[in-house]
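Listed below are the residues making up each chain.
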Amino acid sequence: MKKYLSLLLILLLLCACALCSAGSADAETGFGIVNADQVAMRKEPNGQKLYRFDRGTPVWISGSKTDSKGDLWYQITAQYNYRYKRTGWMKAEFIDAGAQLWRDIEKVAANQNGMIALRKDGSVVPLSFIGKIDKEDYSDQWTVDLPPCRDVFAFVGSTHVLTRQNELIGINGTLMQSGIRLSNPTGTISIETDPSRFVPSMANTGDNSFPEWLPPFENPSADETSAVVGIEDNSRCLMLLKNTGEVICGTWNCDNLLSADNGYKTIPVPDFRTVPPLKALISRDYYGPALNLPAQYDNMVQIYAGITEDGNVWLYPEEKQPYVDSWSEITQLGEANGVLYGVRKDGTVVAASLYGKAPLQVSQWTDIVDLCCNGETFIVGIKNDGTLVFAGEPPFNN
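Presented here is a report on the structure given in the accompanying data block. (Residues numbered from 1 in each chain as written. Predicted model: local features only at pLDDT ≥ 70, side-chain atom pairs only at ≥ 80, totals over all residues. Heavy atoms only, no water.)

This part is about empty space enclosed by the protein. For the structure on display, the rule yields one cavity of 30 Å³ or more. The calculated volume of the largest cavity comes to roughly 30 Å³. The wall of the largest cavity is formed by T57, P58, Q79, Y82 and S128. For the lining of the largest cavity, a count of residues per class yields two nonpolar, three polar and no charged. (1 Å grid on protein atoms, 1.4 Å probe; cavity = no way out; pocket = protein on both sides within 12 Å on 5 of 7 lines; lining within 4 Å. Points joined across faces, edges and corners; volume = space filled by probe spheres on them. Nonpolar A, V, L, I, M, F, W, Y, C, P; charged D, E, K, R; others polar.)

Structure, rendered in structure tokens:
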């Protein structure tokens, strides 16, 4: 009898160990939100308390474990007081995550300071990665209540999230203040004549002088600024993608600011008159360290990419074109940290490293219909069922 009891005890212990190690498949890598007040992060499940986090705190889930009682725990990374990155374990019941949180999503906008997901009913799910900067609290610029929205935007490096209803509307920083305004749903835009309102970084010239617009945006015609289906910008130019596939590109007279004498390595703006009609267009600035530029000049080398009508990809500078020549049936493009990503018609994602950076782990993604790339540490895939998948790391402070 004792022998059978011993065997039973061993079996029970083995089951308990299996439960403790199981559950990793239950948690999906990516963001979640603390759903209660003063929730403890622990060193290990049911272990020593490390820190407490308030309701609404974003966390990055990287794993899971089920304890001997059957309770699910998430391994998380979070920012303590929005300043210090901390890693530990939190009981899953105190975190909204996965399909429970990211449901019916049709678009995501993000940068290093926050992320906002737009649901099909117009409601939004915002996350703020920042708190106080120089004693000013920026977190509420991402987490305030918003009216039903039609679209969402986020500028790289900005503390502002932007939403579009009948026109582009922002929180403490509208697109009107940034130089572009969608005046009606037909796609007609108006452009501020003062480029300083469009490129606030140009204020760092020392003498508060700003460059002037060059044609065609010096005095844009109604034809040039109508039937616009896409807007892209970088530190050198503004691009309007029209419903014909034509790109109207306007630059400002900044050659004196971006000259080699000032330490900038620049490339010419592409001649869009020679570019085939495009269905989509993206453009990104690259950080200087990625191209071995002097550290103080870090935002002035650009990449331009577009989807042609046959689903292929046009890429500029021209020497980068071979990186994407094998791509086909592309429906969406995104870029993060020097890597170009493309969503294929079948829902898979391809990636091309343009400057030696390793692509994030997206090769196993399926049923993807759109991407959000924040430009640096993580990307988000929107699936056909409205749920989200994540790759990379959270942009939390160390």
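On we go.
Inspection of the secondary structure assignment puts M115 in strand 9 (residues 114–119). A relative accessible area of 0% means that M115 is categorised as buried. (Helix = DSSP H or I, 4+ residues; strand = E, 2+ residues; numbered from the N terminus. Buried < 20%, exposed > 50% of the residue type's maximum accessible area, 1.4 Å probe, protein only.)

Strand order in this open sheet of three strands is 24-25-26, and the pairing throughout is antiparallel. Only two strands of the sheet have a single neighbouring strand rather than two, namely strand 24 (330–336) and strand 26 (349–353). Looking at each pair of strands side by side, their axes are set apart by 20 degrees on average, direction ignored. Relative to strand 26, strand 25 (residues 339–344) is paired through five bridges, and the arrangement is antiparallel. Looking at the pairing, L340 lines up with A352 of strand 26. (Pairing = 2+ DSSP bridges. Axes fitted to C-alpha atoms, helices over the stretch in contact; angles between N-to-C directions.)

We now examine the packing of aromatic side chains. Tallying each qualifying case throughout the model produces 16 aromatic pairs. With a centroid separation of 5.7 Å and an interplanar angle of 55 degrees, the aromatic rings of F272 and W314 are classed as tilted. Linking F272 in the loop between strand 20 (247–251) and strand 21 (278–286) with W314 in strand 23 (residues 313–316), this pair joins segments that are 42 residues apart in sequence. For the residue pair F272 and W314, the accessibility class agrees, reading buried in each case. Taken together, the aromatic side chains of F31, W60, W102, F129, F378, F390 and F396 make up a single cluster linked through ring pairs. (Phe/Tyr/Trp six-rings, centres within 6.5 Å; stacked < 30°, edge-to-face > 60°.)

Another aspect to go through is unusual backbone geometry. Excluding glycine, residues mostly carry a negative phi; peptide bonds, for their part, are mostly trans. A cis amide bond, omega 10 degrees, links Y316 with the succeeding residue P317. Note that P317 resides in the loop between strand 23 and strand 24. Of note in the backbone geometry, N46 takes a positive phi value of approximately 65 degrees without being a glycine. Within the fold, N46 resides in the loop between strand 2 (39–42) and strand 3 (49–53). The exposure class assigned to N46 is partly exposed, which follows from its relative accessible area of 43%. With a phi close to 55 degrees, D104 is a non-glycine residue in the positive phi region. Along the chain, D104 turns up in the loop between helix 2 (98–101) and strand 8 (105–111). When its relative accessible area of 39% is taken as the criterion, D104 is described as partly exposed.

Turning our attention to the nonpolar core. F31, W102, V108, M115 and L388 are the most contacted members of the largest nonpolar core, which totals 20 residues. With sequence-adjacent residues up to four places away left out, L388 is seen in contact with E28, W102, I105, V108, M115, V380, G381 and I382. In this structure, A36, F53, A78 and I95 belong to the second largest nonpolar core, which totals 14 residues. (Core = buried A, V, L, I, M, F, W, Y, C linked by side-chain atoms within 4.5 Å. Contact = heavy atoms within 4.5 Å.)

This part takes up the side chain of K383. By secondary structure assignment, the location of K383 is in strand 28 (residues 378–383). Buried within the structure, K383 lacks any salt-bridge partner; its nearest side chain of opposite charge belongs to D367, at an N-O separation of 4.6 Å. (Lys, Arg positive; Asp, Glu negative; His and termini not counted. Salt bridge = Lys/Arg side-chain N within 4 Å of Asp/Glu carboxyl O.)

With antiparallel pairing, the three strands of this open sheet are ordered in space as 8-9-10. Bordering the open sheet on either side are strand 8 and strand 10 (124–128), each of which pairs with just one other strand. The mean angle between the axes of side-by-side strands here comes to 10 degrees, regardless of whether they run parallel or antiparallel.

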